[in-house]
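As a plain string of letters, each chain reads:
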Amino acid sequence: MPEKQYDHNQIELKWQERWKDSALFAAEENSSKPKYYVLEMLPYPSGTLHIGHIRNYTIGDALARYKRMCGFNVLHPMGWDAFGLPAENAAIANKRDPYEWTMFNIENMKRQHRRMGFSYDWSREVATCDPEYYRWNQWFFLKMLERGLAYRKEALVNWCPECGTVLANEQVVDGCCWRHDSTPVEQRAIEQWFLRITSYADELLSAIKDLEEGWPERVLLMQRNWIGRSEGAEIDFYLEETDKPIRVFTTRVDTIYGATCVVLAPEHPLVSGLVSGETKSQVKRMIDARAAKGPGDIEKEGLFTGKFAVNPFSGERIPIWIGNFVLMGYGTGAIMAVPAHDQRDFEFCKQYGLPVWPVIRPRDGSLADAATMKEAFPNDGVLENSGAFSGLASEEARRVMSAKAEAEGFGKAAVTFRIKDWGISRQRYWGTPIPIIYCPKCGMVPVPEKDLPVVLPLGIAITGKGRSPLENVPEFMNVKCPKCGEGARRESDTMDTFIDSSWYFYRYCDPHNSSAPFDSKKIAYWFPIDQYIGGVEHAILHLIYSRFWTKMMRDLGLIANDEPAARLFTQGMVIKDGAKMSKSKGNVVSADDMIARYGADTGRLFELFAAPPEKEMDWTDAGANGAYSFLGRVYRFVTRNVGQGVAEPGEADKKVLRKLHQALKQITNDFESRWHFNTSIAALMGLLNVLTDVEEQISAPVMSEVLEKLTLMLEPFAPYLAEELWEELGRTGPVFRQSWPEYDPQLAREEEAEIVIQVNGKLRGRIFVDFGTPRETLEKLALGDAKVQALLDGKNVVKVIVVPDKLVNIVVK
Ligand SMILES: [Zn+2]
Ligand SMILES: [Zn+2]
């Protein structure tokens with residue numbers, strides 16, 4: 001009979017058919033098993049998957065399958081982050097309805113997810129554009145409004161005068177409109193909704209310590225920086241000849257006698273009263289230029305207002321400037337510049353010829369000379385030229401000076417955060433409607449809970465004109481006021497889509513609940529997520545917002561957990577031809593092409609084998625071919641050896657069992673620790689090599705054991721092949737319902753131990769012995785070693801220390 005060949009298409013399509021049953025991978029309700037919630041970040045349904053997309057799902061699926069075999073009740077769901085700008089852009093560009101475009105992509109990507117063999121519980125699928133999902137966004141919004149966590153204020157948006165519409169930051173390209181690349185984007189102030197994430201800033205920061213064990217340090221560092229807590233003081237300078245205070249925030253009030261100017265953010269509310277004429281237009285240009293560049297590296301730029309402020313401590317009169325490096329959202333939007341003790345201020349003041357006044361000397365040094373200073377002295381020290389505070393140490397001065405400001409009513413000690421309240425209003429169509437009605441008589445009226453959801457109208461024309469697309473839909477906009485019954489208008493903005501992704505993983509636990517976002521008891525069972533997997537680009541925003549949302553829901557009494565995820569894993573990128581896969585680079589390998597050529601199993605295996613999962617991996621044809629040929633060798637080895645084996649056990653059995661249990665130990669340890677699946681798969685390859693070497697000499701019982709365990713070990717990495725081989729072995733029931741085999745530590749040991757021989761603690765030789773060789777034998781062997789004998793010549797052996805299986809140390813005099 002000719003040998004069976006590995007036909008990936010035939011095998012995978014056969015099992016696809018059998019896996020159609022969506023309940024196959026369903027998590028159990030009311031299970032007595034321990035739970036395990038493994039989750040990959042939900043994708044944006046943007047089109048089709050390419051192999052750069054599938055790495056995190058492959059990692060998550062391997063883990064889900066392994067944990068099922070270890071006896072856990074595994075929740076492994078999938079859903080769609082279905083609202084957002086790309087659908088709306090596609091609608092404008094290709095005249096495709098965002099809803100249809102999104103649904104088409106979801107169907108297609110779901111087909112690809114299934115085809116990759118990802119074992120999702122599809123009965124819990126969530127799409128965030130479903131009114132039954134986003135009604136709870138609206139419900140949470142109303143709860144936050146009741147509690148003062150949602151509020152409205154004026155804020156700046158990007159405005160394209162050509163389109164006559166608001167642009168998202170992503171639609172601003174080099175300061176111009178994405179559709180009108182010569183039209184500079186302007187900044188306009190409009191009323192918008194905000195969520196008070198800053199009232200959780202302290203907890204979001206302090207609770208990071210509870211995540212240190214399970215989250216990557218790099219992510220936590222990014223969160224700490226984003227939250228950006230600083231201790232300092234708020235101090236009122238006074239506008240000369242008026243009583244008008246200009247409140248500044250400083251972390252170094254001890255340097256206040258060295259302040260040589262006050263600098264305001266260009267958006268500071270005082271600015272409009274201080275400048276006029278040409279300076280006013282310069283300020284506007286400054287604001288627009290900064291918006292265009294983003295907060296990154298802008299060149300420092302300043303404008304003198306012609307006005308002066310008075311330092312409340314020294315009485316000194318100093319000029320008031322406007323600076324593009326001062327941020328309205330940080331502190332008070334105004335700073336005092338102390339060039340002698342802050343490098344940024346030093347550079348700014350030098351640039352504009354402002355004086356430098358040193359007021360802090362090093363503890364054991366003398367005060368710098370302003371005329372020769374080359375850079376700021378930013379450290380703590382001892383105050384000089386600081387009136388009554390001269391001679392104090394910086395730290396004490398900060399305390400005393402904040403207290404004085406507070407006592408005299410011109411300031412206080414204060415903490416400030418870099419994180420700002422979350423602006424959630426989007427002047428876009430494809431998102432959750434904000435459940436607010438504006439009545440000419442009653443003012444702002446929240447939509448009553450019983451009227452939720454406020455459904456987003458479908459099939460409307462999106463022109464890309466006007467403040468917000470919904471404004472042009474009268475049947476949506478015109479509504480009766482819930483309070484007085486008179487004609488009123490709905491809020492036309494929709495919510496930031498980061499709201500959708502802030503709590504979707506709770507909905508998976510109870511996806512069909514129509515009376516609440518979820519049943520709290522179900523959350524208590526499943527949460528926190530045991531393992532969350534996604535890209536490091538979500539280290540801030542999504543991962544901060546979802547932590548905030550969790551704390552907010554806890555404070556509403558809905559859940560008991562403080563954090564959404566106990567562990568977070570950030571996978572590395574997939575690289576091809578030296579670059580991240582992207583359409584513009586032309587190096588995209590579509591998942592469908594890859595599957596047709598090699599099969600899903602090969603794709604999965606190669607993605608896990610090419611590199612540790614947190615590192616970048618290089619997709620190469622040679623590598624994919626290697627993975628394919630390995631799976632083919634496994635297939636042929638198993639199929640030709642079913643029911644085979646020699647009668648007599650011999651040396652080959654020992655070799656095979658050792659390699660088998662070593663592979664099992666390696667893979668188990670990889671799953672339980674660092675997920676270095678590259679070493680897991682290498683162990684499987686090593687096992688196959690030994691098996692083929694001694695194929696003709698393996699006894700029947702050992703052959704049977706090794707075929708079974710090899711198949712079980714393949715399951716997390718190449719589930720199609722595992723099922724097929726399981727059937728070839730005459731076994732029934734899906735492989736993921738079998739138990740993960742335990743390794744025998746005795747069998748997994750190397751046959752020979754390497755014994756280090758030391759003389760007086762110095763390495764002098766090595767010998768190889770059987771494991772478990774007795775102490776006396778080890779001592780004899782060590783003393784008899786030729787090299788050692790030469791060293792012992794003429795010396796006295798005082799003591800021999802033996803550590804079995806490891807070392808012999810001979811102490812001589
Ligand atoms: Zn435009
Ligand atoms: Zn009314």
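Residues numbered from 1 in each chain as written. Chains lettered and ligands numbered in written order. Predicted model: local features only at pLDDT ≥ 70, side-chain atom pairs only at ≥ 80, totals over all residues. Heavy atoms only, no water.

Novice: Help me understand the overall build of the chain, please; the structure alone is not making it clear to me.
Specialist: Counting its secondary structure elements, the chain contains 25 helices and 34 strands. When the backbone C-alpha atoms are referred to their principal axes, the chain occupies close to 105 × 85 × 50 Å. Per-residue burial for the chain yields a buried fraction of 55% across its 813 residues. For the chain, the exposed area adds up to about 35500 Å²; of that, 50% sits on carbon and sulfur atoms. (Helix = DSSP H or I, 4+ residues; strand = E, 2+ residues; numbered from the N terminus. Buried < 20%, exposed > 50% of the residue type's maximum accessible area, 1.4 Å probe, protein only. Areas by Shrake-Rupley, 256 points an atom, 1.4 Å probe, with all protein chains shown as cover.)

Novice: Help me understand the side chain of S468 in this model?
Specialist: Assignment of secondary structure puts S468 in the loop between β22 (443-446) and α12 (474-477). From its side chain, S468 meets the backbone oxygen of S492 in a polar contact 2.8 Å long. In contact with S468, other than residues within four places in its own chain, are Q427, R428, S492 and D493. (Polar contact = N/O pair within 3.5 Å; in protein donor to acceptor, adjacent residues only side chain to side chain. Contact = heavy atoms within 4.5 Å.)

Novice: How should I be thinking about the sheet that holds strand β27 (residues 568-570) in this particular structure?
Specialist: As a general point, the strands of a sheet are linked pairwise by backbone hydrogen bonds and lie either parallel or antiparallel. Strand order in this open sheet of 4 strands is β2-β1-β26-β27, and the pairing throughout is parallel. The strands lining the two open edges of the sheet, one partner per strand, are β2 (73-75) and β27. Between one strand axis and the next, the sheet turns through 20 degrees on average, direction left out of account. Note: strand β1 (residues 35-40) against β2, 3 bridges, orientation parallel. Its bridge partner being in β2, K35 is matched across the sheet by N73. Sitting on the sheet, helix α2 (residues 55-69) is in contact with β1, β2, β26 (531-534) and β27, with an inclination near 170 degrees to β1. Contacts from helix α13 (residues 500-507) reach β1 and β26, with the element oriented near 150 degrees to β1. (Pairing = 2+ DSSP bridges. Axes fitted to C-alpha atoms, helices over the stretch in contact; angles between N-to-C directions.)

Novice: Sorry if this is basic, but what is going on with the coordination of the zinc ion (ligand 2) here?
Specialist: A four-donor tetrahedral metal ideally has 109.5 degree angles, and a six-donor octahedral metal ideally has angles of 90 or 180 degrees. All of the protein donors around the zinc ion (ligand 2) are C439 (SG), C442 (SG), C481 (SG) and C484 (SG); their distances to the metal are 2.2 to 2.3 Å. Taken together, the 4 donor atoms coordinating the zinc ion (ligand 2) and their angles of 106 to 114 degrees define a geometry best described as tetrahedral. Between the donor residues of the zinc ion (ligand 2), the gaps in sequence give the motif C-x2-C-x38-C-x2-C. Note that C442 is positioned in the loop between β21 (436-439) and β22 and C481 in the loop between β23 (478-480) and β24 (487-490), a separation of 39 residues in sequence. Judged by relative accessible area, which is 3%, C481 ranks as buried. (Donors = N, O, S within 2.8 Å, 3.2 Å for Na, K, Ca; no water. Tetrahedral: all angles 85-135°; square planar, octahedral: opposite > 155°, others 65-115°.)

Novice: What is the right way to look at the packing of aromatic side chains in this model?
Specialist: Each aromatic ring pair is described using two quantities: the centre-to-centre distance and the angle formed by the ring planes. Under the defined criterion, the tally for this structure stands at 56 aromatic pairs. Geometrically, the ring pair formed by Y57 and F118 is tilted, given 5.9 Å between the ring centres and 55 degrees between the ring planes. With Y57 in helix α2 and F118 in the loop between α4 (98-115) and β4 (126-127), this pair connects stretches of sequence that are 61 residues apart. By relative accessible area, Y57 is classed as buried at 5%. Note on F118: relative accessible area 3%, which makes it buried. Taken together through their ring pairs, the aromatic side chains of Y133, W136, W139, F140, Y200, W422, F498, W503, Y545, F548 and W549 make up a single cluster. Of note, R65 hangs over the ring of W19, and the distance from its end group to the ring centre comes to 5.3 Å. When the ring centre of F104 is taken as reference, the NZ or CZ atom of R96 above it lies at 5.4 Å. (Phe/Tyr/Trp six-rings, centres within 6.5 Å; stacked < 30°, edge-to-face > 60°. Lys NZ or Arg CZ within 6 Å of the ring centre and 35° of its normal.)

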